Amino acid sequence: MPAVDLFIPCFVDQLFPQTAMNMVKVLESVGCEVHYNANQTCCGQPAYNAGYKQESHQVACKFLDDFPNQPDRYIVSPSGSCVGMVRNAYAELFDGTADQARYHGLQRRIFEMTEFLVDVLGVKQIAGAQLPGKYTYHDSCSALRECGIKEAPRLLLDAVQGLERVEMSESETCCGFGGTFAVKFEAISVAMAEQKVENALATGADYVVSTDTSCLMHLDAYIRREKKPIKTMHVADVLASGW
């Protein structure tokens, strides 16, 4: 039975806790032994992206302490963005430090949920998952470009009973969130969300699905404000549907 430590990002913990619980359901359904360290906090991405390298290094050091080096345990998260931060930006933060070797051990063990299921465990379908309707998939920037995640979520979603995929135009284009980008460049951010939502609507899909709650939150805000006939869903919530 694979042992898994959960890494629950700030966005999920504070705003979408049900997505975290659904990830637990999915992991346990495929035989994982799931553990959660309640002392965990942020990965440091907001500070890092804002240019606060020293502060983000302090947060990263706590992350290492929260997930001690246990080679037989995986770290799994419902966020390609945060996994990308740990895999890539931490390499800079720990370069030449005493914690570099410890970080490399952790770097090899951390995965976004869908890539863990497909690429590590070889899972192609979540038994019992069912959701009627059509979905279109949004490739989040971090999941796609920092982690190389593209086929894994689609493979699992396509196996959900009753669910049909319809690809949207420019699925790999940014949704416009980008963390503090949405605050600093609000008009551009909203325009990018509008274009993404319009591309999704053009497919006739019922749902926009992605690996990242931050993207989905941004798109959902635009959808709700403009009263558009489409919903957003995290891939974990889809895979746990129908049980």
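Structure shown above.
A quick note: this is a predicted structure, and the numbers were derived from the prediction, not measured. (Residues numbered from 1 in each chain as written. Predicted model: local features only at pLDDT ≥ 70, side-chain atom pairs only at ≥ 80, totals over all residues. Heavy atoms only, no water.)

A.B. asks: An account of the sheet that holds strand 3 (residues 73-77) is requested, with residue identities and associated values reported.
C.D. replies: Across the sheet, four strands lie side by side as 2-1-3-4; this open sheet has parallel pairing. In the strand order of this sheet, the two ends are held by strand 2 (33-35) and strand 4 (110-112), each with one partner. Between one strand axis and the next, the sheet turns through 35° on average, direction left out of account. Relative to strand 2, strand 1 (residues 3-6) runs parallel, the two being bridged by three bridges. Paired with Asp5 across the two strands is His35, which belongs to strand 2. Packed on one face of the sheet, helix 2 (residues 17-29) meets strand 1, strand 2 and strand 3 and runs near 175° to strand 1. Lying on the sheet, helix 5 (residues 80-93) is in contact with strand 3 and strand 4; it crosses strand 4 at an angle near 155°. (Pairing = 2+ DSSP bridges. Helix = DSSP H or I, 4+ residues; strand = E, 2+ residues; numbered from the N terminus. Axes fitted to C-alpha atoms, helices over the stretch in contact; angles between N-to-C directions. Contact = heavy atoms within 4.5 Å.)

A.B. asks: Outline unusual backbone geometry, listing residues and values.
C.D. replies: Backbone geometry follows two general trends: most residues other than glycine have a negative phi, and most peptide bonds adopt the trans configuration. Positive phi outside glycine occurs at Glu170, with the angle close to 55°. Following the sequence through the fold, Glu170 ends up in the loop between strand 6 (161-165) and helix 10 (181-184). For Glu170, a relative accessible area of 45% corresponds to the partly exposed category. The residue Lys227 is not glycine, and still its phi comes out positive at about 55°. Along the chain, Lys227 falls in the loop between helix 12 (213-226) and strand 8 (231-234). (Buried < 20%, exposed > 50% of the residue type's maximum accessible area, 1.4 Å probe, protein only.)

As far as function goes, none of this settles anything; it's purely spatial.
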